[in-house]
Each structure stands twice: as structure tokens, then as C-alpha cells.
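Summary of structural features
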Amino acid sequence: MDKKYDPATAIQKLEQFGEFGGVNPSITDSATFTFLQEESMIKTFHGEMEGCYLYSRHWNPSNKYLSEALAALEGTEMAWVTGSGMAAITTVLLQLCNSGDHIVSSVTTYGGTYAFLANYLKKFNIEVTFVNITDHESVRKAMRPNTKVLYTETMTNPMLQISDIPVLAEIAHANGTQLVVDNTFTPMIFAPYQLGADIVVYSMTKFINGKNDAVAGAICASKEFVDAISNVNDGTAMLLGPVLDPLRSSNILKNLATLHIRMQKHSENAAYLAKKFKSIGLKHVYPGDPEFPQHELMKRMMNPDFGFGGMIAIDLETAEQAAPFMERMQDKGVGYHAVSLGYFKTLFSNSGKSTSSEVPDEIQQEMGLSPGLVRFSVGLDHNIERSYQLIEETLRELNYI
Ligand code: PLP
């Protein structure tokens, strides 16, 4: 078996102390920084001097600690932290594309990403071609000389399709295009940069933070790219200012230290539910299921230490059937009827009516998104058997099984 990148050990190896020997780095609660010499300030402004901090929209020590840990997570040279996942995605795309450029994107992505690509980029005269990312021939055909970005999610939202990163990297690179991958659903499970992606983005709001108390994002990339986005003259991050607050960085850094254990438990619980759903003949989508179309591909690309992930979806066919099911599950205490994912409690929502509602109905149909799809982000429940029993009870009460 080939050796997979070990993100948990890479993070564990980091030794980041506070200035008084604290086992957690101190929080740098300052927007600006003093300089002893004018010359150092000028050089720092011009990117000619390392090690000094200028202003927290540019860099802050607390953000640097978290960035180092995220670079270790992906095995990239550097990372940069943003105030949301959307800030990470939009910063990367606006940095890589100029007016007149072209992007090829998976049609199944998070709804906000889809809206940015389909609607917002028109303002900048950036054209986007949407493709079925598992159909490599159509990806190849969509590439143009001015295609600057091939964009996908490793495990797509909400269909949970798996993108073949090595093949997509080959297609992109043959065209001089950068492969940008959103790995929000599968931190540690996949290491897209190791598989050939150029830039990896995250919504840290989800599994990485895991507490649902913060909105945050990350960009993991080369030093050259991170330097470029934070350049004072023309860097997208520096000039649009989507930086993460250092207090939040400090919290997320501590939560990152338990990510490996949480991912294992999310995966274990989701796999249990998938097995049970299968046993009662309930239509469901779970990449860990041997019958899932990209199951073998996932096995080839994944780090098996962390399982097949905590996301699972069931198909109740209509939104009218999904609504009472979700309301009753919440009443019974299965979890919360809420968007988002990666929380310690189970969250569920009807994707077509919520996180993919930005995607027009005909495109939802084209990508095979059922109007009754209920997506679960399975929590860290100690007693997942009990949670399943409550779900089954709800299905029976509504005569769905
Ligand atoms: N990427 C994916 C896959 C998501 O599911 C989301 C949000 O649901 C985002 C990005 C956007 O992240 P944020 O809400 O932190 O801006």
C-alpha cells in the first residue's frame, strides 16, 4: 500500500509556545505593531524583511500559528486564514483570474460557491463553464487557452461525489491551469495538495473548528501564492481585507489538535447509520458504501485512518416529505434542523431548499439532486445506536418505511 500523508502527526510535531512558556501560543490582541527603526518599517512594507509584523490585516502572530498548523495539515509551504470559507474561495479566485479569463468548475459545489461563480464573477467578465466533475472527457473539452482555474470539492456538497484529484490535476496542468480544491467535507481524510492540487481551501466553520461558534476559512498554498495574496500593492487578501480575527485563530488552533479523533468518530457514526439505512432499504448516499459510484476511487485517494467521513444523505423524494421528517427528528433529539456541518451534534437539512437553494431547479435536476434529499452531518454521538433508533422511529411514524 502506498504511504499516505499523515496530517495528524505533522500537526503534532509542531511546537508552538507562548512567549512566557505557555503551552498554547499567546494571543496577539493588536491591530498594529511598533517598530524601533523606521528602516525596518519601510522594508516590511515592501516585503523585503521577514519576522516583523506590520498590521493585522496583513499578518498577525496568532494567525501565523494557525496558518502554520494548516500548512502542516495539507503539507503545503504556507497557509493564510480568512474570516469565512467564502472569503478563502473568493480571494483565491479573484487572485488567479483577471477580466476575460475563464474557470471550469464542478456543477456540484456548495450553493454559495455556485452563486459566486455563476452570478458574481460576471461583474468581472470572468466566464465559468460548469461540468460534471466525474466526467473527465467533458472536463477536458471545457478547458480553453484562457482557463486559469479548474475548481472542485474533493467530496462535493451535497451529492458527496468524489473528485479524482490526480486526474484533474493532470488535465489542469496540461493546460497551464491551476487546480483549486475545496476540502471542507474531508479534512485529514484527503490531502488534495499531496494528490496534485495547487491550492486547497477550507471553510473552517465546519469540521476543522468543530464547535459551530465561529465562521472562518483557510487557503493552503505555496509561499509564493500566500505572499502574492498578502502583497500590499496588489494582493487580493491585503486589499479586500477578508482576514480572520486573531482571537478566533487562537480558538481554532486548539480545536485543530483534536480534529483527527473527531474525524474518526464522525466517520464511524456515519458508517453505522449507512449500514442501518441499507438494512431497511432506505435510499441513501454514503461514499463508504461499496455500491457508491466512486467508492473505489475514494479508497485509492483517502487516508484510511479517518474513514469515509461524517456526511450522509437520504432521499425522501419530495421536499414535502422531508420537512416533517426533519422537524420530528429535532423534536426527538436526533440533532438540530440546521444548515452547516462538522458540529459535535448531528445537523440535518434539505439541501435543495437550503445550502443548494442558490442552484436553479433545472440545474439541481441535472446534477441529480433530489428535492427530498436530507443531508446529515453526523455528530460525535457516543450512543449512535440510540440515535439510529430515533431516526427509524420517525421514519415509521411517517409511514416512510
Ligand atoms: N465550502 C463548502 C463545501 C461549504 O459547505 C461551505 C458552507 O457551507 C463553504 C465552503 C462556505 O463556508 P463559510 O460558510 O465558512 O463561508
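Bear in mind the structure is a predicted one, so any value in this text is a computation, not a measurement. (Residues numbered from 1 in each chain as written. Predicted model: local features only at pLDDT ≥ 70, side-chain atom pairs only at ≥ 80, totals over all residues. Heavy atoms only, no water.)

This part takes up the domain arrangement of the protein. Partitioning the protein into domains gives domain 1 (7–256) and domain 2 (260–397). Buried area between domain 1 and domain 2, summed over both chains or domains, comes out near 3,200 Å², and the portion from carbon and sulfur atoms is 71%. Linking domain 1 with domain 2 are zero salt bridges, by the criterion used here. At the surface where domain 1 touches domain 2, the tally comes to seven residue pairs in polar contact (both at pLDDT 80 or more). Those elements that place two or more of their residues in the side of domain 1 that touches domain 2 are α1 (7–12), α5 (111–118), α7 (165–174) and α10 (246–256). (Domains from an automatic or database assignment. Buried area = accessible area lost by both parts, 1.4 Å probe. Salt bridge = Lys/Arg side-chain N within 4 Å of Asp/Glu carboxyl O. Polar contact = N/O pair within 3.5 Å; in protein donor to acceptor, adjacent residues only side chain to side chain. Helix = DSSP H or I, 4+ residues; strand = E, 2+ residues; numbered from the N terminus.)

This part covers the environment of S67. On the secondary structure map, S67 appears in helix α3 (residues 61–74). Note on S67: relative accessible area 3%, which makes it buried. In the structure, S67 is positioned 241 residues away from F308 in sequence and 26 Å away in space, judged by C-alpha atoms. Contacts of S67, omitting those with residues within four sequence positions, involve W59, A79, W80 and V81. At 2.8 Å, the side chain of S67 and the backbone oxygen of N63 are in polar contact. (Buried < 20%, exposed > 50% of the residue type's maximum accessible area, 1.4 Å probe, protein only. Contact = heavy atoms within 4.5 Å.)

What follows covers the pairing of strand β5 (residues 178–182). When you tally the buried positions in β5, you get four out of five residues, the bulk of the element. As paired elements, strand β4 (residues 147–153) and β5 share five bridges and run parallel to each other. Directly across from E153, in β5, lies its bridge partner D182. Note that the unit made of β4, α7 and β5 has a crossover that is right-handed. (Pairing = 2+ DSSP bridges. Right-handed = clockwise from strand over helix to strand, strands pointing away.)

Surrounding the ligand, one finds 15 residues, the nearest of these being G85, D182, S203, T205 and K206. A distance of 2.7 Å separates an oxygen atom of the ligand from a polar side-chain atom of K206. Counting residues per element, the shell around the ligand draws most heavily on helix α4 (residues 85–96), at three residues. (Near = heavy atom within 4 Å.)

When you tally the buried positions in strand β1 (residues 78–82), you get five out of five residues, the bulk of the element. Residues M78, W80 and T82 line one face of β1 and the alternating positions A79 and V81 line the opposite face, and both faces are buried. Bridge count between β1 and strand β7 (residues 217–221): five bridges; the pairing is antiparallel. Note that in β7 the partner of V81 across the bridge is A218.

So, about the sheet that holds strand β12 (residues 373–377). Here five strands make up an open sheet; going across it, the order is β8-β9-β12-β11-β10 and the pairing mixed. Edge strands, defined here as strands with exactly one partner in the open sheet, are β8 (284–285) and β10 (336–337). Where strand β11 (residues 347–350) and β12 come together, four bridges link them in antiparallel fashion. Paired with L347 across the strands is S377, a residue of β12. Here helix α11 (residues 259–279) sits on the sheet in contact with β8 and β9 (311–315), set at roughly 20° to β9. Helix α13 (residues 319–332) contacts β9, β10, β11 and β12 of the sheet and is inclined by roughly 160° relative to β11. (Axes fitted to C-alpha atoms, helices over the stretch in contact; angles between N-to-C directions.)

At a closest axis distance of 10 Å, the pairing of α11 and helix α15 (residues 384–397) adopts a crossing angle of 40°. Here α15 runs oblique to α11, going by the angle between their axes. Crossing of α11 over α15 shows right-handed handedness. Two secondary-structure elements touch here, α11 through N269, Y272, L273, K276 and F277 and α15 through I384, E385, Y388 and I391. Its residues assigned to classes, the contact of α11 with α15 comprises six nonpolar, one polar and two charged. (Parallel < 35°, antiparallel > 145°, perpendicular 65-115°, else oblique. Left-handed = near helix turned anticlockwise from the far one by under 90°. Nonpolar A, V, L, I, M, F, W, Y, C, P; charged D, E, K, R; others polar.)

This paragraph deals with the sheet that holds β4. Strands sit in the order β1-β7-β6-β5-β4-β2-β3 across an open sheet of seven strands; the sheet is mixed. What marks the edges here is a single partner per strand, and that holds for β1 and β3 (127–131). When the angles between neighbouring strand axes are averaged without regard to direction, this sheet yields 20°. Of the strands in this sheet, β1, β6 (199–203) and β7 touch α3, which is tilted by about 125° from β1. Relative to β5, α7 is tilted by about 150°, and along the sheet it contacts β4 and β5.

Moving on, we come to the side chain of N269. Mapped onto the fold, N269 is located in helix α11. Side-chain polar atoms of N269 contact the backbone oxygen of D381, separated by 3.0 Å. Those residues within four positions of N269 in sequence are excluded, and the remaining contacts are V378, G379, L380, D381 and I384.

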